[in-house]
Structures are given as structure tokens and as C-alpha cells.
Amino acid sequence: MNLKDKIAEYPNFPKKGILFRDFSPVLKDPSSLSQIADEFAKHFHPKNVDVFAGIESRGFLLATILALRYNKGIVMVRKAGKLPGKTAKLSYTIEYGKDTIEIQKDILEKGQRVIICDDLLATGGTAKAAGKLIEKVGGEITGFAFIIELTELNGIKGLSKYNCKSLVKY
């Protein structure tokens, strides 16, 4: 099965000139979900991951799919103000301004190996910030998993020191 055939396209969303690639149709198809887990399982060895980190919000879904396959847990990287307890925050530049993400300070044990998950890699700003944040709280990044990569935006360049896997490239 070709996952690219299942990804919907919405021109001019969220604004004029943007072609939004939506993996929502993949989520309603159990065989596609299994294929996603199978493809990442070929790339990331279970010995190299203790926990998956999902970037808000679609990354939570991928992290959960992989955590179930690997029999591991997940942690959440969220927008500021969404997590209880003590958090570590990181502000970064995105295409249209600034954003801030956070993680609970005590959610990871020092040295835990983490694969960061998101639905889409575009410029790489959010993924790179999530990596810095996880390292800040003691995690060790062992990889990045993306369903979709927009190659012309070259976001992978900022993650070149990591083991990265994208299933569908545009």
C-alpha cells in the first residue's frame, strides 16, 4: 500500500498559497496504521529507544502508535501552558513568528533514549526545538520519526546529526 495515496491535500489552507498535506485519512485505516508501525520498526531498533516523545498534537498519535508496537511509553512535548507541574520551556522561531514548547521537568530519567515523533517535517524548527528541550531535561535523542517530509523546505538539514526517518516525501 502506498501511504501517499491516503494523504489528503487541501490547497490554500491554512492560508492562501499553502498546500496542506493531511494524514487524517490514514488514521481511519487500520492497515495503514499497521504499515506505519511496520516501516518505523524496520528503521529504529527497540534497543535504541526507551520512550517516544510526541510533538503536539499530531505527533502524539504517531508516538502512541509506535509506543504500542515497541511496548514503550510516550511523553508529550506541548505548547506552553498546557502541562501541569514544573515544566521546562523553550522558545524558538517558526515560519511566521515565535512559538514556545514545554515538557514536564521530571518526565524523563537522565539518559533515557527518546525518539521524537511528529506528523510532518517542514522547516524543522519545531522538531529541532523539541530535541533541545528533551536534551535539556536529561533525555538522549536517538531519532526522529515523521510520516510526511516536505523536502524542498530542507528541514532535515537542521536534524542531520540525528537518525531521522520520513515515510512519505514531497
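Let us look at the structure shown here.

About the criteria used
The residue count restarts for each chain, going from 1 along the sequence in the order it is written. Reporting in this predicted model follows two pLDDT cut-offs: at least 70 for local features of residues, and 80 or more for side-chain atom pairs to be given and counted; totals over whole chains, interfaces and linings ignore these cut-offs and use all residues. The basis for every side-chain value is the complete set of heavy atoms in the structure, and neither hydrogens nor water enter the calculation. Where helices and strands are cited, they refer to DSSP runs of H or I of at least four residues and of E of at least two residues respectively, numbered from the N terminus. Here the radius of gyration uses the C-alpha set of atoms, whereas the globule reference equals 2.2 Å times the residue count to the power 0.38. Relative accessibility decides the category of a residue: with a 1.4 Å probe and only protein chains considered, values under 20% of the type maximum give buried, values over 50% give exposed, and everything between is partly exposed. By the convention used here, residues are in contact when the closest approach between their heavy atoms is within 4.5 Å. Accessible areas in this description were obtained via Shrake-Rupley with a 1.4 Å probe; residue shielding takes into account the shown protein chains only. By the counting scheme adopted, Arg and Lys are positive, Glu and Asp are negative, and His together with the chain ends is not counted. Charge placement uses NZ in Lys and CZ in Arg. For Asp and Glu, CG and CD serve respectively. Axis lines are fitted through C-alpha atoms, for helices just across the contact stretch, and the angle between N-to-C directions can take any value from 0 to 180 degrees. Oblique is the label for any angle not covered by the other classes, which are roughly parallel (under 35 degrees), roughly antiparallel (over 145) and roughly perpendicular (65 to 115). In this scheme, a crossing is called left-handed if the near helix is turned counterclockwise away from the far one by less than a right angle; it is called right-handed if the turn is clockwise. Here the term charged refers only to Asp, Glu, Lys and Arg, the term nonpolar to Ala, Val, Leu, Ile, Met, Phe, Trp, Tyr, Cys and Pro, and the term polar to all other amino acids, Gly among them. Whether a set of points on the 1 Å grid over the protein atoms alone is a cavity depends on a 1.4 Å probe fitting there but being unable to get out, while an open set qualifies as a pocket with protein on both sides within 12 Å along at least five of seven lines; lining residues are those with an atom within 4 Å of a point. Grid points are joined across faces, edges and corners, and a volume is the space filled by probe spheres set on the points. Each nonpolar core is a collection of buried residues, namely Ala, Val, Leu, Ile, Met, Phe, Trp, Tyr and Cys, held together in the definition by side-chain atoms within 4.5 Å. Pairing between strands is defined by DSSP: at least two bridges between them are needed.

## Description of the overall build of the protein chain
Counting its secondary structure elements, the protein chain contains 4 helices and 9 strands. Each helix and strand of the protein chain, ordered N terminal to C terminal, gives the series β-β-α-α-β-α-β-β-β-β-α-β-β. Its C-alpha atoms give the protein chain a radius of gyration of 15 Å, within 12% of the compact-globule value 15 Å for 170 residues. Taken over 170 residues, the protein chain has a buried fraction of 44%. Summarising the internal contacts of the protein chain: among those between residues at least 6 apart in sequence, 58% fall at separations of at least 24. About 9,000 Å² of surface is accessible on the protein chain, with carbon and sulfur atoms providing 50% of the total. Computed over 27 positive and 19 negative side-chain charges, the inter-centroid distance for the protein chain is 4 Å.

## Overview of the packing of helix H2 (residues 30–43) against helix H3 (residues 58–70)
Contact geometry of H2 with H3 gives a least axis separation of 10 Å together with a crossing angle of 70 degrees. The orientation of H2 with respect to H3, classified from their angle, is roughly perpendicular. Remark: the crossing between H2 and H3 carries right-handed chirality. Mapping the contact onto sequence places Leu33, Ser34, Ile36, Ala37, Asp38, Phe40 and Ala41 in H2 and Leu62, Ile65, Leu66, Arg69 and Tyr70 in H3. Residues that form the contact of H2 with H3 fall into these classes: 9 nonpolar, 1 polar and 2 charged.

## What to know about the layout of surface pockets
Space inside the largest pocket adds up to approximately 1,200 Å³. Broken down by secondary-structure element, the contributors of at least two residues to the lining of the largest pocket are strand E2 (19–22), strand E4 (73–79), strand E5 (87–94), strand E6 (97–104), strand E7 (113–121) and helix H4 (125–136). Top element by residues in the lining of the largest pocket is E7. It accounts for 4 residues.

## Remarks on the environment of threonine 123
With respect to the helices, strands and loops of the structure, threonine 123 is situated in the loop between E7 and H4. Threonine 123 sits in the partly exposed class, given a relative accessible area of 38%. Sequence-wise, threonine 123 and lysine 89 are 34 residues apart; in three dimensions their C-alpha atoms are separated by 20 Å. Threonine 123 has contacts with Glu95, Leu153 and Gly155, leaving out every residue within four places of it along the chain.

## Brief notes about the nonpolar core
Formed by 25 residues in total, the largest nonpolar core has its most connected members in Val77, Ile103, Leu108, Ile116, Ile134, Phe144 and Leu159. Elements supplying a minimum of two residues to this core: strand E3 (51–55), E4, E5, E6, E7, H4 and strand E8 (140–149). Looking at this core element by element, the count peaks at 5 residues for H4. Excluding residues within four positions of it along the chain, phenylalanine 144 makes contact with Phe44, Ile115, Ile116, Ala127, Gly131, Leu159, Tyr162, Asn163, Cys164 and Lys165. Counting 22 residues, the second-largest nonpolar core is a separate cluster that includes Val49, Ala122, Ile147 and Leu150.

## Considerations on the side chain of glutamine 35
Of note, glutamine 35 is situated in helix H2. For glutamine 35, the contacting residues outside a window of four places in its chain are Met1 and Leu3.

## Section: the sheet that holds E5
Read across the sheet, 7 strands follow the order E5-E6-E4-E3-E7-E8-E9 without closing on themselves; strand pairing throughout is mixed. Looking along the sheet, the strands with just one partner apiece sit at the ends: E5 and strand E9 (164–169). Here the average twist between neighbouring strands, direction ignored, is 20 degrees. One ladder, built from 2 bridges, connects E4 with E6; its direction is antiparallel. Bridge pairing in E6 links arginine 78 to glutamate 102. H2 rests against E8 and E9 of the sheet, and its axis sits at about 145 degrees to E9. Docked against the sheet, H4 engages E3, E4, E5, E6, E7 and E8, running at close to 155 degrees with respect to E5.

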